[in-house]
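# Residue-level structural notes
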Amino acid sequence: DNLKLILDHVETIAVVGASNKTYKDSYKVMKFLKDFGFRIFPVNPNIHNTRILGQECYQTLSDIKQRIDMVNVFRAIEHIPSIANEAIKIKAKIFWTQEGLYSEEAETIANNAGLKVIMDQCPKKILENK
């Protein structure tokens, strides 16, 4: 699968584990995706009710009212299966985990529900290599 082609069909991205700290990878990737033209939706239960890059930060994926095409995960591996279940519930099409994050359980959950699963990859790096 060509990952760039997958991203061509994405408009909205929920970033789970978003940070408002500019030195964090999740912030840098989210800023890049926003500047690239995607609509981003930060999700982090610890800092919800704040704004990141001008966007409201949500407590959970289910709190987002817009349709989400892709869920991009920056959370510890033990959280990924439950995030996969949430992604299914909101009818996301793509479940994507950042570099260094792979969960066989989450991959199975999301695949079985028909989501396209990409793990251990950084969308920023893929788009930078256009």
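Refer to the structure printed above.
The following paragraphs examine the structure supplied in this document. These figures come from a predicted structure and were not determined experimentally.

Next up on the list: the packing of helix α3 (residues 80–89) against helix α4 (residues 104–112). At a minimum axis separation of 8 Å, α3 and α4 run at an interaxial angle of 15 degrees. By the angle between their axes, α3 is roughly parallel relative to α4. Crossing hand, α3 versus α4: right-handed. The residues of α4 that touch α3, namely those facing Ile-80, Pro-81, Ala-84, Asn-85 and Ile-88, are Glu-105, Ala-106, Ile-109 and Ala-110. When grouped by side-chain class, the residues that make up the contact of α3 with α4 number seven nonpolar, one polar and one charged.

With 25 residues, the main nonpolar core has Leu-33 and Trp-96 as its most contacted residues. Of all the elements in the fold, those that place two or more residues in this core are α1 (3–8), β1 (12–16), α2 (25–36), β6 (94–97) and α5 (123–128). By residue number, the principal contributor to this core is α2, which donates five residues. Setting aside residues no more than four positions away along its own chain, Leu-33 makes contact with Ile-13, Phe-38, Ile-40, Asn-72, Pro-123 and Leu-127. Of all hydrophobic cores here, the second largest spans 24 residues; its members include Phe-41, Val-73, Ile-83 and Ala-106.

What follows is about the side chain of Ser-26. Inspection of the secondary structure assignment puts Ser-26 in helix α2. For Ser-26, a relative accessible area of 5% puts it in the buried group. Within the structure, the side chain of Ser-26 is placed 3.4 Å from the backbone oxygen of Gly-17, a separation counted as a polar contact. Ignoring anything within four residues of it in the chain, the contact list for Ser-26 reads Gly-17, Ala-18, Ser-19 and Phe-74.

By the criterion of burial, strand β2 (residues 39–43) is predominantly enclosed, with four of the five residues buried. Direction of pairing for β1 relative to β2: parallel, over a ladder of five bridges. Paired with Val-16 across the bridge in β2 is Val-43. Handedness of the crossover joining β1 and β2 through α2 is recorded here as right-handed.

About the cut-offs
- Residues numbered from 1 in each chain as written.
- Predicted model: local features only at pLDDT ≥ 70, side-chain atom pairs only at ≥ 80, totals over all residues.
- Heavy atoms only, no water.
- Axes fitted to C-alpha atoms, helices over the stretch in contact; angles between N-to-C directions.
- Helix = DSSP H or I, 4+ residues; strand = E, 2+ residues; numbered from the N terminus.
- Parallel < 35°, antiparallel > 145°, perpendicular 65-115°, else oblique.
- Left-handed = near helix turned anticlockwise from the far one by under 90°.
- Contact = heavy atoms within 4.5 Å.
- Nonpolar A, V, L, I, M, F, W, Y, C, P; charged D, E, K, R; others polar.
- Core = buried A, V, L, I, M, F, W, Y, C linked by side-chain atoms within 4.5 Å.
- Buried < 20%, exposed > 50% of the residue type's maximum accessible area, 1.4 Å probe, protein only.
- Polar contact = N/O pair within 3.5 Å; in protein donor to acceptor, adjacent residues only side chain to side chain.
- Pairing = 2+ DSSP bridges.
- Right-handed = clockwise from strand over helix to strand, strands pointing away.

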